[in-house]
Amino acid sequence: MSDAGFKIQVDQFKGVLTISIFGEIKGLNGREFHRAIFQEIQGQEVPIVLDLEGLTYINSTGLRSILLVAKRQQENKAEFAVCSLSGPIREVFEITCFDRIISVLDSRSEAIAAVT
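This text gives an overview of the structure that appears in the document.

The rules behind the values
Residues numbered from 1 in each chain as written. Predicted model: local features only at pLDDT ≥ 70, side-chain atom pairs only at ≥ 80, totals over all residues. Heavy atoms only, no water. Helix = DSSP H or I, 4+ residues; strand = E, 2+ residues; numbered from the N terminus. Buried < 20%, exposed > 50% of the residue type's maximum accessible area, 1.4 Å probe, protein only.

What follows covers unusual backbone geometry. Phi at K77 takes a positive value of approximately 55°, unusual for a residue other than glycine. Along the polypeptide, K77 turns up in the loop between α2 (60–75) and β4 (80–83). With a relative accessible area of 77%, K77 lands in the exposed category. Residues other than glycine seldom take positive phi values, yet C97 does so here, at roughly 65°. The residue C97 is located in the loop between α3 (87–95) and α4 (98–101) in this model. Among the residues examined, C97 registers a relative accessible area of 30% and is labelled partly exposed.

Taken by themselves, the reported measurements are silent on function.
Right, here's the structure in full:
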């Protein structure tokens, strides 16, 4: 885990950019998360899957960043999904109604299939 409290791992699979997020997005590291995620997707006009299996906490800044990634993908006419949410993270997505505006799938393989 980095000093930031979170770690990002990026992979390409079947033309899909998959970004796995581990740790916690809280406090001041929310801005760092925003910069890190947008640095990874800069110049990418491919489907993106965020794998949140390793994410243990997310604050409103982190949620906003994910929403902005979804908006960017929509503007680029590229698919976007999140997957592998733990119970607490899924609950946050449900309470904030993010699950109604962002595709939320149970597994990485389901998410990749949904965006390709």
